[in-house]
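Analysis of the macromolecular model
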Amino acid sequence: DEYGLDYFFENVRDIFAADDFTVVNLEGPLTTQTSKRSGRQFNFRGDPEYVKILSGSSVEVCSLANNHALDFKNAGLSDTAANLESVGVGAAGYDNAWYGEKDGVRVCFLSFTEWDYSADAIAERVRQEKENSDLVIVSVHWGEELRNRATSTQERYGRAIIDAGADLVLGHHPHVLGGIEQYKGKYIVYSLANFCFGGNSNPNDKDTMIFQQTFVVDGAGNVSDGGINIIPCSISSVSSTNNYQPTPLSGEEGDAVIRKVAALSSAPSITWMDSYTGPR
């Protein structure tokens, strides 16, 4: 109410606007439903108007498959997808894919959770979508909260998804940064951490990042890696509290975040985008 809907992504809006697709995990329904899912410590819900936070800052796609997506039951999830689509933001989650196109390249976004789908089920869906898509990007809610290092289950899922034909796997749920695995020339990002995070007024660990990848697609639809970029960020523009305004970090602060990710990663032959400026 005090700062307006454009406040939250003010410090990253130019980054989002400069790419072809920005995808985020939207962890909580945007709905006016009041019937809550039982047995939950927290039931997240936001005003439907908050979709304008995303549409106003060039977010193209939201992953809706996560452990809070059904906090207000299936009606809340359906409302969220409809509210996003009403302002031109895509919604992918569970059985629903989102399809986009850029310069003739067909892109499919899929979103699942570790708890609702087996690795084989996700892999089969990826194989189906790959038949009619040049790029398949898969978002997975998985792992253990506050654990930086990937579990064996995450590794098994991530590799099976790549084996099935996905071009990138984006992971979230632990609330802290995880490592990046380069597997068969493709990337599995195990945990993107919090970003614009309203669940804690002052978390001890405010480190986060924007992960970017460029893909090169030839006339025959063959995909190759055009390079990745890691933009180190804090979830807040001030260190003393969480002001819900994610902000890029530079200098030693930024390098420290990248080194944290590197220590958890297995990516021996990285091609960096020209915009990457951190330690190598």
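What counts, and where the lines are drawn
- Residues numbered from 1 in each chain as written.
- Predicted model: local features only at pLDDT ≥ 70, side-chain atom pairs only at ≥ 80, totals over all residues.
- Heavy atoms only, no water.
- Core = buried A, V, L, I, M, F, W, Y, C linked by side-chain atoms within 4.5 Å.
- Buried < 20%, exposed > 50% of the residue type's maximum accessible area, 1.4 Å probe, protein only.
- Helix = DSSP H or I, 4+ residues; strand = E, 2+ residues; numbered from the N terminus.
- Contact = heavy atoms within 4.5 Å.
- Polar contact = N/O pair within 3.5 Å; in protein donor to acceptor, adjacent residues only side chain to side chain.
- Salt bridge = Lys/Arg side-chain N within 4 Å of Asp/Glu carboxyl O.
- Pairing = 2+ DSSP bridges.
- Axes fitted to C-alpha atoms, helices over the stretch in contact; angles between N-to-C directions.
- Expected span 1.5 Å × (residues − 1).
- Arc of directions from axis to C-beta.

What about the nonpolar core?
One finds Leu54, Cys62, Leu84, Val126 and Val138 to be the most contacted residues of the largest nonpolar core, which totals 47 residues. Going through the elements one at a time, helix 2 (51–55), helix 3 (73–86), strand 5 (105–113), helix 4 (119–130), strand 6 (135–141), helix 5 (152–163) and strand 11 (223–234) are the ones with two or more residues in this core. It is helix 4 that contributes the most residues to this core, 4 residues altogether. Contact partners of Cys62, with chain neighbours within four places excluded, come to Val24, Leu26, Leu54, Leu84, Val89, Gly90, Ala91 and Ala92. Counting 25 residues, the second largest nonpolar core, distinct from the first, contains Ile180, Val189, Ala193 and Val257.

Here we look at the environment of Gly76
In this fold, Gly76 is placed in helix 3. A relative accessible area of 0% places Gly76 in the buried class. Along the backbone, Gly76 and Asn43 are 33 residues apart, and their C-alpha atoms lie at a distance of 11 Å. Setting aside residues up to four positions removed in sequence, Gly76 forms contacts with Pro29, Thr31 and Gln33.

Side note on the side chain of Ser191
Residue placement: Ser191 occurs in the loop between strand 9 (186–189) and strand 10 (207–217). Within the structure, Ser191 has its side chain in polar contact with the backbone oxygen of Val176 (distance 2.5 Å). Here Ala193 takes part through its backbone nitrogen, which lies 3.5 Å from a polar atom of the side chain of Ser191. With residues up to four places along the chain from it excluded, the contact list for Ser191 reads Gly171, Pro174, His175, Val176, Leu177, Gly178, Gly179 and Met209.

Quick look at unusual backbone geometry
Phi is positive for Leu146, which is not a glycine, with a value near 65°. Mapped onto the elements, Leu146 comes out in the loop between strand 6 and helix 5. Taking relative accessible area as the criterion, Leu146 reaches 65% and is therefore assigned exposed. One non-glycine residue, His175, lies in the positive phi region at around 75°.

Some details on the pattern of salt bridges
All told, the structure shown has 15 salt bridges when counted by the stated rule. Among the ionic pairs, Glu124 bridges to Arg127, the shortest N-O distance being 3.2 Å. Residue Glu124 and its partner Arg127 are both found in helix 4; the two are separated by 3 residues, about one turn of the helix. What makes Glu124 partly exposed here is its relative accessible area of 36%.

As for the sheet that holds strand 7 (residues 168–172)
Strand order in the open sheet formed by 6 strands is 4-5-6-7-9-8, with mixed pairing between adjacent strands. Single-partner strands in this sheet number two, and they are strand 4 (98–102) and strand 8 (180–183). Shown here is a sheet whose adjacent strand axes are inclined to one another by a mean of 20°, direction ignored. Where strand 8 lies against strand 9, 4 bridges are found, and the strand directions are antiparallel. Within strand 9, the position partnered with Gln182 by the bridge is Tyr187. Here helix 5 sits on the sheet in contact with strand 6, strand 7, strand 8 and strand 9, set at roughly 150° to strand 9.

Some words on the sheet that holds strand 11
A sheet is described by the order of its strands in space; here 3 strands give the open sequence 10-11-12, paired in antiparallel fashion. Edge strands, defined here as strands with exactly one partner in the open sheet, are strand 10 and strand 12 (247–248).

Considering the pairing of strand 9
By the bridge criterion, 3 bridges tie strand 7 to strand 9 in an arrangement that is parallel. By the bridge assignment, Val169 is partnered in strand 9 with Ile188. As consecutive antiparallel partners, strand 8 and strand 9 are separated by 2 residues, and within that stretch Lys184 has a phi angle of approximately 55°, a positive value.

Side note on helix 6 (residues 251–263)
Taking 1.5 Å of rise per residue, 13 residues should cover 18 Å, and helix 6 covers 18 Å from first to last C-alpha, within 8% of that figure. Listing the buried residues of helix 6 in full gives Gly254, Val257, Ile258 and Val261. Viewed along the axis of helix 6, the buried residues span an arc of 95°, placing them on a single side of the element. For helix 6, the exposed residues set more than 90 degrees away from the buried face come down to Glu252 and Ala263. Along its buried surface, helix 6 packs onto strand 8, strand 10 and strand 11.

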